[in-house]
Amino acid sequence: MKIDHLYIKDFLGAALIDVPTPAPVQLFMGANAAGKSSVRDAVALALTADLGRVSLKKDAPQLIRTGAGSAVCEVRAADGNTYGVTITASGKMASTFKGEVDP
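Keep in mind that what you see is a predicted model, and the values were worked out from it rather than measured. (Residues numbered from 1 in each chain as written. Predicted model: local features only at pLDDT ≥ 70, side-chain atom pairs only at ≥ 80, totals over all residues. Heavy atoms only, no water.)

### Some points on the sheet that holds strand β2 (residues 14-20)
Alright, step 1. Taken in spatial order, the 5 strands of this open sheet run β2-β1-β3-β4-β5, and their pairing is antiparallel. Whereas interior strands pair on both sides, the edge strands pair on one side only; in this sheet they are β2 and β5 (93-98). When strand polarity is set aside, the average angle formed by the axes of neighbouring strands in this sheet is 10°.
Alright, step 2. Taken together, the 6 bridges between strand β4 (residues 82-88) and β5 define a ladder with antiparallel strand orientation. Residue pairing across strands places G84 opposite T96, the latter belonging to β5.
Alright, step 3. Along the sheet face, helix α1 (residues 36-48) touches β1 (3-11), β2, β3 (70-77), β4 and β5 and points at about 110° away from the line of β1. (Pairing = 2+ DSSP bridges. Helix = DSSP H or I, 4+ residues; strand = E, 2+ residues; numbered from the N terminus. Axes fitted to C-alpha atoms, helices over the stretch in contact; angles between N-to-C directions. Contact = heavy atoms within 4.5 Å.)

As structure tokens, then:
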């Protein structure tokens, strides 16, 4: 799958990432605790619903950035489909799949 766009909001160390990914390989660099691993974990969450850093679903709110009410992780694929997960402060997780719309 080719990923065309990343949208991550209030997930772990990432306050807001809204970036197109036109190249086949993307490199994210920065200082320690800059949010690089948060980007990786957000992509995994959006595509597989794998919580990664927490073992229980009830602990999902721990993945929300401090002070935020929810976290959003979305990946848009080259085929037009968008895959995503939203986590609320109450621990509710909503998986979203926005498929390509036929004309």
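Anyway, onward from the coordinates.
### Overview of the nonpolar core
Alright, step 1. One finds I8, F11, L45, L51, L63, I87 and M93 to be the most contacted residues of the largest nonpolar core, which totals 22 residues.
Alright, step 2. Put simply, the parts of the chain that give this core at least two residues each are β1, β2, α1, β3 and β4.
Alright, step 3. Sort the elements by how many residues they give to this core and α1 lands first, with 5 residues.
Alright, step 4. Apart from residues lying up to four places away in sequence, L51 is in contact with L45, L56, K57, A60, L63 and M93. (Core = buried A, V, L, I, M, F, W, Y, C linked by side-chain atoms within 4.5 Å. Buried < 20%, exposed > 50% of the residue type's maximum accessible area, 1.4 Å probe, protein only.)

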